Each structure stands twice: as C-alpha cells, then as structure tokens.
Amino acid sequence: MEEGSSETNVTQPLLSNKEQDKTPSCKENRHDQEHSNGSSGHHDIHSETYVAYKTRWYILAIFSLLYAFQANAWNAWGPIAGTVQVVLQWSQAEIDLCINWGPVSYVTAGLFFSYILTIKGFRFALIASALFLLSGTAIRCLPVGIENIKWTANIGQVFIGLSAPILQSAPTHLSAIWFPPHQRTTSTAIAGSAGCLGLALSFVLGSNVVPTLPKSITADNITAVQRETYFNSIMNLLYIQCAMIAVIVIVALLYLPDNPPTPPSVSATEKREGFVAGTKALIKSASFWIPALSYSVSTGIYVGWDTQLVLIFDSALGVTQTTVGWIGFYTNIAATIGTLVLGIFVDFLGGHMKLVLLVAMLGLVGNCVWCVLLSMHYIQFSKASLYISCIAIGFFANAPIPLYFEVTVEGMYPIAEGTVNIWMGWLNNAFMLIFVLLPQILPGIGVQWLNWVFLVAVILCLPLLLAYKEKYKRFDLDTRDEINAASDKE
C-alpha cells in the first residue's frame, strides 16, 4: 500500500522500523471489547497499530511554508504604505481596501472551505488553497502599467484572501491526522507560527526591496523618472512573492498524501461530527464561545492594529516606514519563537492551557497599556521603548494562538477540528474586518483611537478566560487508550 493511501484502520504496520519514528506512539495498542464499547463510545476496533510516520514533518513543512508565504503576500502593502501613497497615488482608503480583502474573503467564503475540508479531505483543500494563492500573486504581476495596477492588485488580494481559511484554520486538522498526542500542540504551534514568520518576512522584504521615499518627495513633486523607478521596485516585490509561492506549490502538487496509511492515535480513527451537526453543537456550547471570542477579539483586532502601525506611529511619533518595518519584523520573529516554545511546553505539561493563556493575556494587557501611553505622549518617548513594547505585544498576542485552537478542539471533541477552527477563524476575521473598516466608515477621525480600541478589547478578554472551564476530551481518550493497552500487555 502506498503511504498516501486514505485507508487508516489496519492491524499491522505498513512501514519497516527504519521508516518509522522511534517515538512512544510507534507501538501496537490492543483494545478489548469492553474498552472499545465503553471508553470511547465511537469505535469498535479490537486491535490496532498506531504509527507516527516521518512523512508528517514533510507535510507540516509544506503546509507551514504555504501559510508563511500567504501571510507575506497578504501583507505586501502595509509595510510599504508610505511609498505606495506617493508612487501609485493611492489614498489610505485604497491601501486599506487591499488589506481588507483578506478578512472579507475569509468571512465570505471561509465556511465553504470548512465544508470542502470535511467532504473532500485535507489534500484537496490544501491544493485548492495553494492554487488560489498562486493565482492571486500571479494576477498582481500582470504588466498592466502604473495606472492600472490598482485593479490587478485588488483582484489578486481577493484570491490571496480565498487561500486563507484552510491555511489559517487547518493546523489542528493536520496535527490530528498525522501526529501522535504528545506532539499535536507542537505541530499546531509550528504551523501557526508560520503565519508570524510570513508577516515578519513581509516587513523586512518590503522595506528592503521597496526603498523609503525621502521626505522631500511627495505626490505633487515626484518626477516621472522617480515614479517609474519606485514603481519597478514595487513590482519586484510582487515578482519575488509570486516566485516563492510557485516553487512550494509545485512541490505540493508533486507529492502531498491525504492522510497516513496508519493513524497516529485512537482519536485519529474516530468519526467526527459532520459540518452542519458540528456547527449546531458549537453554537450552543460555552466551551466554544468563551475561548473563541477571547481568541477572535484579541488577535483579530491585533492584526488590524498591526497593519496600521506605519500610520499610527508616523502621525504620533514621527517614526519612519523603515523603522516600523523593522519593528514588525522583530515582533513577528518574537511571536514565532514564542509560539514554538509555548507549544512544546504545553505538550510537555500535557494540558494546563488555560493557565498559559491567562498569563499571556495579562502580558498583552500590560504591554498594550505601555504602548498606548507611549504613543499618546503620556510617558517619555524613546525608540527602544517603542521596540520593546511592540515586540512584547506581538509575542503575547500571537504566541498563544495554537493553544486557543487546541484547547477549543479538545473541549468540542468529537466535532471536526477543521469545523471548530474555521469558525474561530471566521470570528477572528470578522472582528479584524470591523476594526479596519471603521476608518473608512468614519473618515477624518484619525488613527490614534485605534490604540484605545485595541487596549479595551484585550482587557475584556481577561474575564472571558477566567470563566472558561477547560476540558481535554480528545487527549483523555488517547492517554486512556495507552494505559489500557499497557494493561493488556501485562
């Protein structure tokens, strides 16, 4: 049988020992009839082999690279907003529109992609997302000239946005079908951190490929030669992003199995609730709404706030586009590292996600207060303080995201991981969309109020987390199965 086969329930390992990881999950677990009927309530497998294939790291790498490049492509315009306004002569509303197509596309089509993931499977959904992503970046590269790039940019951003639902919300699905219980949170953290890494790349790539305009050059006095030169640098950025995505899409098309031949855990064999039934259960459950709202409000508004940093800090503190670019880069690098550390730490603990989430939220609130006071000149400004506060905000806002996904999936098991997380992603993008649309709905109100909205939002998330009662239904099933298997062997 090929490793990419969709058959999962077998009684003998399909790969040799050399092809299997030397991990505790690569072992035979035997279930008697009483355990099959009484413990899980779902399956009736008497004897089963659970194998963690090395291929899982390849699958995770492909998924993570696609997510990183999607985040990088989506955030192409924010880090170079100052140059775009002068060279392309776009208004701030037009730049915001390009950014807004991400959440608009997610809110419009996200639930459809959840259905596709449930019906067609992981490979089909991921390849479809990859092709949407490649199409979007390719459309932006069309040689339509400086006067017409507005159209290709917006159409391309729509396609890039359509690639987001699976890439943002399927890490837990990937972890559930490919990784053993003691590596699931780590896997989700690696995939989740890829988005932060992609955003970090967008800041450093944008600021280095597209030069910052001197203060003396404005939309009124820029020469035709200068405009063409800077326009070419903007196009070079779009070419680079498209080329990187094309390479990884080709690799994914060549080899991307849907699921492993043998499941990595007992919960991986369990039948999940369908999309409609699962959605109805989510709507009625506080175990979904509490962590989902805490995640969506804090991170959704954070991402919207992060895309406006050039405008916020330029108007309030006179900070340049290049400086904000480096702040964005270091912030997302810190978030990437934090995501990985927290994921590994929680896997080591075997739970206690609520405590970790509370500590992270307290850190987020404290650093938001610092940043707001700094940007409003209530405390003395220094560039070092700005760097530290923004980096800390990015760390505490982004690092816990995989924990939100995992703790909600655990509490809502056996609802499909993709259904749970795409609904969370839908709420996240809805809050982000509302946040970034407000300046267009209320023009002329400036940008400093964005700081206060962000601060109030994260403060409101604290009582939500305090009220949450964490449950580990899926993890308990898997660990109970291992204990029973060990008893059988004795």
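Quantities reported herein were computed from a predicted structural model and do not represent experimental measurements.

1. Let's talk about unusual backbone geometry
Tyr413 connects to Pro414 through a cis peptide bond whose omega is 15°. Among the secondary structure elements, Pro414 is positioned in the loop between α17 (401-412) and α18 (417-441). The backbone phi angle of Gln89 is positive, close to 60°, even though this residue is not glycine. Assignment of secondary structure puts Gln89 in the loop between α3 (81-87) and α4 (92-120).

2. Some points on the environment of Asn367
The residue Asn367 is located in helix α15 (residues 353-375) in this model. Accessibility expressed as a relative area gives 13% for Asn367, which makes it buried. Sequence separation between Asn367 and Phe396 is 29 residues, and the spatial gap between their C-alpha atoms is 8.8 Å.

3. Thoughts on the confidence of the model for the protein
Confidence in the prediction for the protein averages 81 pLDDT; 85% of positions are at 70 or higher. pLDDT under 50 marks residues 483-490. Its contacts with residues more than four places away, or in other chains, come to eight contacts.

4. Quick look at the packing of helix α12 (residues 286-306) against α17
When two helices pack together, their arrangement is captured by the angle between the axes and the distance separating the axes. Contact geometry of α12 with α17 gives a least axis separation of 9 Å together with a crossing angle of 165°. Accordingly, the angle class assigned to the pair α12 and α17 is roughly antiparallel. The hand of the α12/α17 crossing is left-handed. Residues Ser287, Phe288, Pro291, Ser294, Tyr295, Ser298 and Thr299 of α12 lie in contact with α17, whose contacting residues are Ile401, Tyr404, Phe405, Val407, Thr408, Gly411 and Met412.

5. Considering the environment of Thr479
For Thr479, the position within the fold is in helix α20 (residues 473-489). C-alpha of Thr479 to C-alpha of Ser265: the two residues are 214 residues apart in sequence and 9.4 Å apart in space.

6. Regarding the packing of aromatic side chains
In this structure the tally under the stated criterion is 19 aromatic pairs. Taking the centre distance of 5.1 Å and the plane angle of 90° together, the rings of Phe395 and Phe396 count as edge-to-face. Overall, the relative accessible area of 22% leaves Phe396 in the partly exposed class. Members of the aromatic cluster, joined through ring pairs, are Phe112, Phe113, Phe132 and Phe159. Against the face of Phe124 rests Lys120, its NZ or CZ located 5.7 Å from the ring centre.

Cut-offs and rules
- Residues numbered from 1 in each chain as written.
- Predicted model: local features only at pLDDT ≥ 70, side-chain atom pairs only at ≥ 80, totals over all residues.
- Heavy atoms only, no water.
- Helix = DSSP H or I, 4+ residues; strand = E, 2+ residues; numbered from the N terminus.
- Buried < 20%, exposed > 50% of the residue type's maximum accessible area, 1.4 Å probe, protein only.
- pLDDT = per-residue confidence, 0-100.
- Contact = heavy atoms within 4.5 Å.
- Axes fitted to C-alpha atoms, helices over the stretch in contact; angles between N-to-C directions.
- Parallel < 35°, antiparallel > 145°, perpendicular 65-115°, else oblique.
- Left-handed = near helix turned anticlockwise from the far one by under 90°.
- Phe/Tyr/Trp six-rings, centres within 6.5 Å; stacked < 30°, edge-to-face > 60°.
- Lys NZ or Arg CZ within 6 Å of the ring centre and 35° of its normal.

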